[in-house]
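So the chains spell out like this:
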Amino acid sequence: MKNVRKMAVSYAVILFECTVLAIFWAVGAPAHAQDPESVVSPPAQEVPVQSGAAITVFKVDGLKKTRDSYVQHVLKKYSGVLEDELDLHVIETELQNEGLFSFINVALEHDESDAPFVHITVKEKWTFIPVPFFMVSNGSVMGGGVVMDTNAFGIKDSVMVGGIFSKESLMGMAAFSTPTLEHKPGISFFGSFTHGTGKTIRNLDDDDVFLYDINNVNVSVSMNCKFNRVFSGSIGAGYVCKDIGSEAPSLDSYHAGNIQAGLSFKVSDWNGYFMSGISCAVNGKATYKSTNEFSETISFSIDWQKPIVPRFRVFAHGATWYGHNLDQTEYQGAYGVGIGILPSKFYSPWLAGMTAGGEWVIVKMKLGIISMYAQYEAVFARDYEKSVEFCHGPLGGVKLYLSSIAFPALGFAIGYNIPKEQLQFTFSFGMSL
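Cut-off values and rules
- Residues numbered from 1 in each chain as written.
- Predicted model: local features only at pLDDT ≥ 70, side-chain atom pairs only at ≥ 80, totals over all residues.
- Heavy atoms only, no water.
- Helix = DSSP H or I, 4+ residues; strand = E, 2+ residues; numbered from the N terminus.
- Buried < 20%, exposed > 50% of the residue type's maximum accessible area, 1.4 Å probe, protein only.
- Contact = heavy atoms within 4.5 Å.
- Areas by Shrake-Rupley, 256 points an atom, 1.4 Å probe, with all protein chains shown as cover.
- Salt bridge = Lys/Arg side-chain N within 4 Å of Asp/Glu carboxyl O.
- Polar contact = N/O pair within 3.5 Å; in protein donor to acceptor, adjacent residues only side chain to side chain.
- Patch = residues over 30% accessible without salt bridge, like charges linked within 9 Å, V, L, I, M, F, W, Y side chains within 5 Å.
- pLDDT = per-residue confidence, 0-100.
- Pairing = 2+ DSSP bridges.
- Core = buried A, V, L, I, M, F, W, Y, C linked by side-chain atoms within 4.5 Å.
- Phe/Tyr/Trp six-rings, centres within 6.5 Å; stacked < 30°, edge-to-face > 60°.
- Lys NZ or Arg CZ within 6 Å of the ring centre and 35° of its normal.

**Examining the overall build of the protein chain**
If you tally the helices and strands in the protein chain, you get three helices and 21 strands. Of all 433 residues assigned to the protein chain, the portion counted as buried reaches 49%. The long-range share in the protein chain, meaning contacts at least 24 apart out of those at least 6 apart in sequence, stands at 58%. Surface accessibility of the protein chain: about 19,200 Å² in total, with carbon and sulfur atoms responsible for 63%.

**Structural notes on the pattern of salt bridges**
A complete count under the given rule lists 13 salt bridges for this structure. Residue Glu330 pairs with Lys289 through a salt bridge whose shortest N-O separation is 2.5 Å. Of the two residues, Glu330 sits in the loop between strand 14 (312-324) and strand 15 (332-333) while Lys289 sits in strand 12 (residues 275-289), which places them 41 residues apart along the sequence. Classification of Glu330 by relative accessible area gives buried; the value is 18%. Connected via shared salt-bridge partners are Lys77, Glu94, Lys226 and Arg229.

**Examining the environment of Tyr78**
As for its placement among the helices and strands, Tyr78 is situated in the loop between helix 2 (68-75) and helix 3 (88-98). Residues in contact with Tyr78, not counting those within four places in the same chain, are Ile55, Phe58, Leu86, Val90, Ile91, Glu94 and Arg229.

**Notes on helix 3**
Counted residue by residue, helix 3 has nine buried out of eleven residues, so it is predominantly covered. Of the residues flanking the start of helix 3, the one acting as N-cap is Asp87, its side-chain oxygen 3.0 Å from the backbone nitrogen of His89. Downstream of helix 3 by a residue or two, Gly99 has a phi angle that is positive, lying close to 75°.

**Considering a nonpolar patch on the surface**
Together, Phe134, Val141, Tyr376, Leu410, Phe412, Ile414, Tyr416, Ile418, Leu423, Phe427 and Phe429 give the surface a local cluster of nonpolar side chains, amounting to about 930 Å² of exposed area. Take the nonpolar patch: its biggest share by element is four residues, from strand 20 (residues 408-417). Its place among the elements puts Phe427 in strand 21 (residues 422-429).

**Re the confidence of the model for the protein chain**
Taken residue by residue, the protein chain gives an average pLDDT of 83. The fraction at 70 or more is 84%. By mean pLDDT, the top-scoring element of the protein chain is strand 14 (96), and the lowest-scoring one is helix 1 (residues 2-26) (43). Across residues 1-41, confidence stays below pLDDT 50; counting only partners more than four residues off in sequence or on other chains, it has 140 contacts. Counting interchain partners and residues more than four positions distant, the pLDDT-below-50 stretch residues 47-51 has seven contacts.

**Section: the pairing of strand 7 (residues 169-177)**
Only one face of strand 7 is buried, namely the one carrying Ser169, Met171, Met173, Ala175 and Ser177, since none of Leu170, Gly172, Ala174 and Phe176 on the opposite face is buried. Note that strand 6 (residues 157-165) and strand 7 share eight bridges and pair antiparallel. Pairing of Phe165 across the sheet is with Leu170, part of strand 7. From the end of strand 6 to the start of strand 7, which pair antiparallel, there are three residues.

**Structural notes on the side chain of Thr66**
Following the sequence through the fold, Thr66 ends up in the loop between strand 1 (58-61) and helix 2. Here Thr66 falls in the buried class, since its relative accessible area comes to 5%. Here Glu124 takes part through its side chain, which lies 2.8 Å from a polar atom of the side chain of Thr66. Within the structure, the side chain of Thr66 is placed 2.8 Å from the side chain of Asn151, a separation counted as a polar contact. Other than its neighbours up to four places away in sequence, Thr66 contacts Val71, Leu100, Phe101, Glu124, Asn151 and Gly154.

**Notes on the nonpolar core**
Grouped together as the largest cluster of nonpolar side chains are 21 residues, with contacts concentrated most on Leu75, Ile91, Leu95, Val118 and Ile120. When residues of this core are traced back to their parent elements, those giving at least two are strand 1, helix 2, helix 3, strand 2 (101-110) and strand 3 (116-124). Formed by 19 residues, the second largest nonpolar core is a distinct cluster that contains Trp321, Leu326, Tyr331 and Tyr347.

**Overview of the packing of aromatic side chains**
In the structure shown here, the tally under the stated rule is three aromatic pairs. When the ring of Phe231 is compared with that of Phe265, the centres are 5.1 Å apart and the planes differ by 55°; the resulting orientation is tilted. Of this pair, Phe231 sits in strand 10 (residues 231-246) while Phe265 sits in strand 11 (residues 254-270), and the two are 34 residues apart along the sequence. Classification of Phe231 as partly exposed rests on a relative accessible area of 36%. Taking 4.8 Å as the distance between ring centres and 50° as the angle between the ring planes, the aromatic pair formed by Tyr288 and Phe294 counts as tilted. Classification of Tyr288 as partly exposed rests on a relative accessible area of 38%. Across from the ring centre of Tyr254, 4.9 Å away, lies the NZ or CZ of Lys289, which sits over that ring. For the cation-ring pair, Lys399 lies above Tyr373, with the distance from its terminal atom to the ring centre recorded as 4.7 Å.

As structure tokens, this is what we get:
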């Protein structure tokens, strides 16, 4: 039971860090559903037009914290488009992707001189959010929280500070980023410190391989560019300092510098309930260590989702992660490829996973929505003994999304690894995947 508790705590720490970063960088893109408040947003209706005059004016009502100049910059690409060629639904989807608004209505109107203009009405989400966190997983308990502002200064700058604690570890982190727009790169900074004692690395059978203690400092900066509506990229550099205590001779303390780059593609469409579309990303990192060694990692992911009816969508996800010349503390967990059925303390230099399933909004209310989801997972993983094994099984759960924020406020999930006969369950409050 003690080992199970350690496993669950470590898994929860990893899930929390990844979830915070995902929310922070994506600014409102949850793992299985878009912002629930937008469920009440009617799809944009395009008014029949009689002329081909160019659109040059975008009138935005409902802004409180967000600057009008920022929204005008987002919509600048549509200025000059002829009114009979303008797709209002594309503008609505563009604003939904910003992650700042819980309600959006877009209409084409004419002023007294019969000149066309786009009239946009919005309701802003909460962007300054103190988020407490509590999780129970396989009998273990952890807590913490973050304070974030995903629309600092009204121009979508993001600021975040937070921490998490458990019996095995203490972690603090801080981040700042500026928005990425077409022809205007964004800058991101991230820093974290982790102190861990008695951390365990295990194999696929959930057997201990060895224990280690670690103090880890991680600092990075990156520049993010949006090339057009569908392609974006990033390039950055970082510094890592690891003080490792272990009886394993293969684990040494070191300092390291790294460079990293990524390229992503995304096409999306909004139907008033869910975002549909496809996205993919490839990322690579090269690291030089003070032990005079090089290591490299590369990852690829692809996601697809499509509403079948307004309240139900299907989705699929595939990802792979590979590392060369890594030490065990650099291995990736199954969360890195979107898999939840493997042991939480299992780490590998190579994983390839796929999930497919559906999500259904079962209750809609003013407070938010309750959704239920189910998926099937399959994964190939290189075990500690260098053999490759295939695992698969179902995973499902229930989530509560609050209306004005873009991540689950309450969640429960349970999964089962069929070949290994392993059960995983998680209950969380405040933040979850």
